[in-house]
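# Coordinate inspection notes
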Amino acid sequence: MLPDYEKRLTALRPRLLAFARLQLRCHDEAEDVVQEALLVATTKQDEFKGLSQYETWVFGILKYKLLDLFRAQKVRSRWLVDTDTSWQDELDKQFRENERWQDEHRPQDWGDPEAVLASSHFWRVFDACMIHLPDVPARVFSLRELMDVDTEEICSILNITENNCSVILYRARMKLRQCLEKGWLVGEGT
């Protein structure tokens, strides 16, 4: 019979892999980085102090493995460049010239935030929306909001300015909001 931690790692693996795929957009790289994280979690099992949930600890290992990979990609100059700006024009059309919302694009009420985060439907739609973001905005958003990397380090990893990072984050958030409202809020009522 498998020890408890091995069962937990086996059960956690699909979530780790899904998260890594969102970050890397490459199945093979995601598999490799998840395997590395699982190997570390297995070999460093005795270092888990119980200060957080076990799953949180393993996700933390994956986060650092992803950051190491991103830094290595930067060194090898293997970063994706965002050349598709058509999605940015689409976002800009949501506002009037006075920078106020067009009525049909005004954000909807999402209800109770705690209930939103507990909804498995919300997270399925969120994952789908993340997959459909262009690569650079998805990577910047993931680094900042999902992996809690500070803006200065994101700029260093991606070799972009803080202003550019802020613009990319803003547009990624807007695009995600728009997608979530179409896929989640509409889907909740059906």
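Computed from a prediction, not measured in an experiment: that's the story for all the values here.

### A look at the pattern of salt bridges
If you walk through the whole model with that rule in mind, you get 10 salt bridges. One salt bridge in this structure joins Arg-173 and Glu-145, with 2.2 Å as the shortest N-O distance. Separated by 28 residues along the polypeptide, Arg-173 in helix 9 (residues 162-188) and Glu-145 in helix 7 (residues 135-146) bring together distant segments of the chain. With relative accessibility at 36%, the residue Glu-145 sits in the partly exposed group.

### Description of the packing of helix 7 against helix 8 (residues 151-158)
It is the contact of helix 7 with helix 8, at a shortest axis distance of 10 Å, that shows an interaxial angle of 145 degrees. Our pair here, helix 7 against helix 8, has a crossing hand that is right-handed. Of helix 8, the residues touching helix 7 (which contributes Arg-139, Val-140, Leu-143 and Arg-144) are Thr-151, Ile-154 and Leu-158. A per-class count over the contact of helix 7 with helix 8 returns 4 nonpolar, 1 polar and 2 charged.

### Side note on the side chain of Ser-142
On the secondary structure map, Ser-142 appears in helix 7. Within the structure, Ser-142 has its side chain in polar contact with the side chain of Gln-23 (distance 3.1 Å). When sequence neighbours within four positions are dropped, the list of residues in contact with Ser-142 reads Gln-23, Met-130 and Met-147.

### Quick notes on the confidence of the model for the protein chain
Where the model shows low pLDDT, its predicted coordinates should not be examined in detail. Residues at a pLDDT of 70 or more form 73% of the protein chain, whose mean pLDDT is 79. At the level of individual helices and strands, the protein chain shows its lowest average pLDDT in helix 4 (residues 86-92), which scores 60, and its highest in helix 2 (residues 27-43), which scores 94.

### Some remarks on helix 6 (residues 120-132)
Here helix 6 spans 19 Å end to end across 13 residues, near enough to the 18 Å set by a 1.5 Å rise per residue. All buried positions along helix 6 are accounted for by Phe-122, Val-125, Phe-126, Cys-129 and Met-130. Along the long axis of helix 6, the arc covered by the buried residues comes to 140 degrees, so they all point the same way. Summarising the geometry of helix 6, the exposed residues directed more than 90 degrees from the buried face are Arg-124 and Ile-131.

### Details of the nonpolar core
Within soluble globular proteins, side chains that are nonpolar tend to cluster in buried spots. The biggest cluster of nonpolar side chains holds 34 residues, and the ones touching the most others in it are Val-34, Val-58, Leu-62, Leu-66, Phe-70, Val-140 and Met-147. The set of elements that each furnish at least two residues to this core consists of helix 1 (4-24), helix 2, helix 3 (54-75), helix 7, helix 8 and helix 9. Among the elements that take part in this core, helix 3 stands out by supplying 9 residues, more than any other. Once you skip the residues sitting within four places of it in the chain, Val-140 turns out to touch Ile-154, Leu-158, Cys-165, Ile-168 and Leu-169. The next biggest cluster of nonpolar side chains, apart from the first, holds 12 residues, and it includes Leu-22, Cys-129, Ala-138 and Leu-176.

### Thoughts on the state of the cysteines
Inspection of the entire model under this criterion finds 1 disulfide. Note on cysteine connectivity: Cys-129 is disulfide-linked to Cys-179, with sulfurs 2.0 Å apart. Here Cys-129 and Cys-179 share a disulfide; its torsion about the S-S bond, -85 degrees, makes the bridge left-handed. Within this pair, whereas Cys-129 is found in helix 6, its partner Cys-179 is found in helix 9, the two being separated by 50 residues in sequence. Overall, the relative accessible area of 29% leaves Cys-179 in the partly exposed class.

### Brief notes about the environment of Ala-72
Tracing the backbone shows Ala-72 in helix 3. What makes Ala-72 partly exposed here is its relative accessible area of 27%. The spatial distance from the C-alpha of Ala-72 to the C-alpha of Ile-157 is 9.2 Å, given a sequence separation of 85 residues.

Each value, and the rule that gives it
Residues numbered from 1 in each chain as written. Predicted model: local features only at pLDDT ≥ 70, side-chain atom pairs only at ≥ 80, totals over all residues. Heavy atoms only, no water. Salt bridge = Lys/Arg side-chain N within 4 Å of Asp/Glu carboxyl O. Helix = DSSP H or I, 4+ residues; strand = E, 2+ residues; numbered from the N terminus. Buried < 20%, exposed > 50% of the residue type's maximum accessible area, 1.4 Å probe, protein only. Axes fitted to C-alpha atoms, helices over the stretch in contact; angles between N-to-C directions. Left-handed = near helix turned anticlockwise from the far one by under 90°. Contact = heavy atoms within 4.5 Å. Nonpolar A, V, L, I, M, F, W, Y, C, P; charged D, E, K, R; others polar. Polar contact = N/O pair within 3.5 Å; in protein donor to acceptor, adjacent residues only side chain to side chain. pLDDT = per-residue confidence, 0-100. Expected span 1.5 Å × (residues − 1). Arc of directions from axis to C-beta. Core = buried A, V, L, I, M, F, W, Y, C linked by side-chain atoms within 4.5 Å. Disulfide = S-S within 2.5 Å.

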